[in-house]
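Residues per chain are reported as follows:
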Amino acid sequence: MKRSSSAVVGLVKPAVRALKAYHVDETPVRIKLDAMENPYPLPSAARRELAASLSSAPLNLYPDPTAKKLKSAIGAMWNIRPDRMLLGNGSDELIQAIILAFGGPVLAPSPTFAMYEITARALSQDVVTVPLTGEFDLDADAVIKKARQTGARVVFLASPNNPTGNRYSDDAVRKVLLNVNAAVVIDEAYYSFSGRSWLPQLSKHPNMIVLRTLSKIGLAGLRIGVLTAAPAVVDELNKVRLPYNINALSQAAGLAALRQRKVLDQQIAVLVAERTKLYQALLRTPGVTPFPSETNFLLIWIEKDATKVFQALKKRGILVKNLDRPGPLKGCLRVTIGTPAQNREFLKNLRSILSKD
Ligand code: PMP
């Protein structure tokens, strides 16, 4: 039987056909400030060590199914019990595991990280959004009300939030944790840049799941996400995790890279100082308003046409994230904190673009 590809596409679930794939701008640029990557590579001595540990990884065998050594290194770094930890191929995969296990409706504030909604829809689950307040804080009462009305089973709270950069107030998060009959995921992808965490409260809140990632601290290429929750919850989530989801090279490289923790910590300290410097400089820049941030990026509002400014920056070889669309992010761009030289170059070009026409 001869079939056309459009007929086959017709067999794809409507929920998936209606989706837009997660967009990554792959334009080659000299300064890449669009994806919250750490701009510093590992030092060359560390990379030589890494090469040695990769060369001895037994690729003929399946990897350690529970990544015991890597878990214990991460556990030592972040004070998480390895037996209460689940690793994912990036925290993206853990978001998927959570929705696979709990189902929907999935509730998330808006605006927030796009993958909560994309993943929920791909798994044919309903998505419920609740607007953040004018200061981008969590509207706890509205979340609780919506969660009850819709019977939401999972609530995703990225704190600090992407793309707004702020942490939600403790009172609002606590109120949600205590008043919804849902798993509440506190996504702490940007924890290292805020230093504040809900992790110590885990034993008080059986419905809390905490997510972290190695991506933002300098290891985005490895794709290692970290989840912790009450042991019974971890056990359930572990049932939907694909076997051997952390490959042997990632396990070996993760272990070797985490031996460089001091270097990573120094890089993070530089980025945090640079964030303050860039924020102050943007405050002094006419026609621009930066929002306070506890992450490795800044959300900035631009008085002129932000999309035009985004394109002009790109033409000059500087890529940021364009968030300019109708809604609360109208006029906004998101810029990742880079090296001091990259940040200076970004600022210089932004000011020069804004001073034209
Ligand atoms: N959560 C948040 C809030 C993020 O911003 C990101 C990355 N943009 C992720 C999770 C996913 O991170 P990864 O899959 O690289 O661990």
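Residues numbered from 1 in each chain as written. Predicted model: local features only at pLDDT ≥ 70, side-chain atom pairs only at ≥ 80, totals over all residues. Heavy atoms only, no water.

## Here we look at the sheet that holds strand β12 (residues 321–322)
Working step 1: With antiparallel pairing, 4 strands are arranged side by side in an open sheet as β9-β10-β13-β12. For this open sheet the edge positions go to β9 (288–290) and β12, each flanked by a neighbour on one side alone.
Working step 2: Helix α13 (residues 261–283) rests against β9, β10 (297–302) and β13 (332–336) of the sheet, and its axis sits at about 10 degrees to β10.
Working step 3: In the packing of helix α15 (residues 340–355) onto the sheet, the strands contacted are β9, β10 and β13, and the crossing angle to β10 comes to about 5 degrees. (Pairing = 2+ DSSP bridges. Helix = DSSP H or I, 4+ residues; strand = E, 2+ residues; numbered from the N terminus. Contact = heavy atoms within 4.5 Å. Axes fitted to C-alpha atoms, helices over the stretch in contact; angles between N-to-C directions.)

## As for helix α11 (residues 231–240)
Working step 1: Taken as a whole, α11 has its buried residues at Val233, Val234 and Leu237. Buried residues of α11, viewed axially, fall in a sector of 100 degrees; they line one side. Along α11, exposed side chains directed more than 90 degrees from the buried face belong to Ala232 and Lys239. (Buried < 20%, exposed > 50% of the residue type's maximum accessible area, 1.4 Å probe, protein only. Arc of directions from axis to C-beta.)

## Let's talk about the sheet that holds strand β4 (residues 127–131)
Working step 1: Pairing within the open sheet is mixed, and its 7 strands lie in the order β2-β8-β7-β6-β5-β3-β4. Bordering the open sheet on either side are β2 (85–88) and β4, each of which pairs with just one other strand. Averaged over neighbouring strand pairs, the angle between their axes works out to 25 degrees when direction is ignored.
Working step 2: As paired elements, β2 and strand β8 (residues 225–229) share 4 bridges and run antiparallel to each other. Residue Met85 lies in a different strand from β8, and its bridge partner there is Thr228.
Working step 3: Set on the sheet, helix α4 (residues 68–78) makes contact with β2, β7 (208–213) and β8; between it and β2 the angle comes to about 115 degrees.
Working step 4: Along the sheet, helix α5 (residues 91–102) contacts β2, β3 (106–110), β5 (154–158), β6 (183–187), β7 and β8; its crossing angle with β7, the most-contacted strand, is approximately 160 degrees.

## Topic: the site of the ligand
Working step 1: Around the ligand, the structure places 14 residues, and the nearest of them are Asp187, Tyr190, Thr213, Ser215 and Arg223.
Working step 2: In this structure, Asp92 approaches the ligand through a main-chain N or O atom, which is 3.1 Å from an oxygen atom.
Working step 3: With respect to the ligand, the side chain of Lys216 contributes an N or O atom lying 3.1 Å from a nitrogen atom.
Working step 4: Put simply, the parts of the chain that give the shell around the ligand at least two residues each are α5 and α10 (215–219).
Working step 5: Taken together, the residues of the shell around the ligand sort by class into 5 nonpolar, 5 polar and 4 charged. (Near = heavy atom within 4 Å. Polar contact = N/O pair within 3.5 Å; in protein donor to acceptor, adjacent residues only side chain to side chain. Nonpolar A, V, L, I, M, F, W, Y, C, P; charged D, E, K, R; others polar.)

## Considerations on the domain arrangement of the protein chain
Working step 1: Domain annotation of the protein chain identifies domain 1 (11–42 + 262–356) and domain 2 (56–259).
Working step 2: Summarising the inter-unit geometry, the C-alpha centres of domain 1 and domain 2 are found 24 Å apart.
Working step 3: Tallying the contact residues gives 28 residues for domain 1 and 30 residues for domain 2.
Working step 4: For the domain 1 and domain 2 pair, buried surface summed over both sides reaches about 2300 Å², with 67% attributable to carbon and sulfur atoms.
Working step 5: Where domain 1 touches domain 2, the interface holds 1 salt bridge.
Working step 6: In this structure, the salt-bridge partner of Glu294 is Arg167, at a minimum N-O distance of 3.2 Å.
Working step 7: Linking domain 1 with domain 2 are 8 residue pairs in polar contact (both at pLDDT 80 or more), by the criterion used here.
Working step 8: Going through the elements one at a time, α2 (14–17), α13 and β10 are the ones with two or more residues in the side of domain 1 that touches domain 2.
Working step 9: With 5 residues, α13 is the single largest residue contributor to the side of domain 1 that touches domain 2.
Working step 10: Grouping the amino acids of the side of domain 1 that touches domain 2 by side-chain chemistry returns 18 nonpolar, 4 polar and 6 charged. (Domains from an automatic or database assignment. Buried area = accessible area lost by both parts, 1.4 Å probe. Salt bridge = Lys/Arg side-chain N within 4 Å of Asp/Glu carboxyl O.)

## What to know about the layout of surface pockets
Working step 1: Taken as a whole, the second largest pocket spans an internal volume of roughly 520 Å³.
Working step 2: Taken together, 26 residues form the lining of the second largest pocket, with Trp78, Asn79, Ile80, Leu199 and Arg212 sitting closest to its centre.
Working step 3: Every element with two or more residues in the lining of the second largest pocket is listed here: α4, α9 (191–194), β8 and α13.
Working step 4: Per element, the largest residue contribution to the lining of the second largest pocket is 4 residues, and it comes from α13.
Working step 5: Of the residues belonging to the lining of the second largest pocket, the class tally is 14 nonpolar, 7 polar and 5 charged. (1 Å grid on protein atoms, 1.4 Å probe; cavity = no way out; pocket = protein on both sides within 12 Å on 5 of 7 lines; lining within 4 Å. Points joined across faces, edges and corners; volume = space filled by probe spheres on them.)

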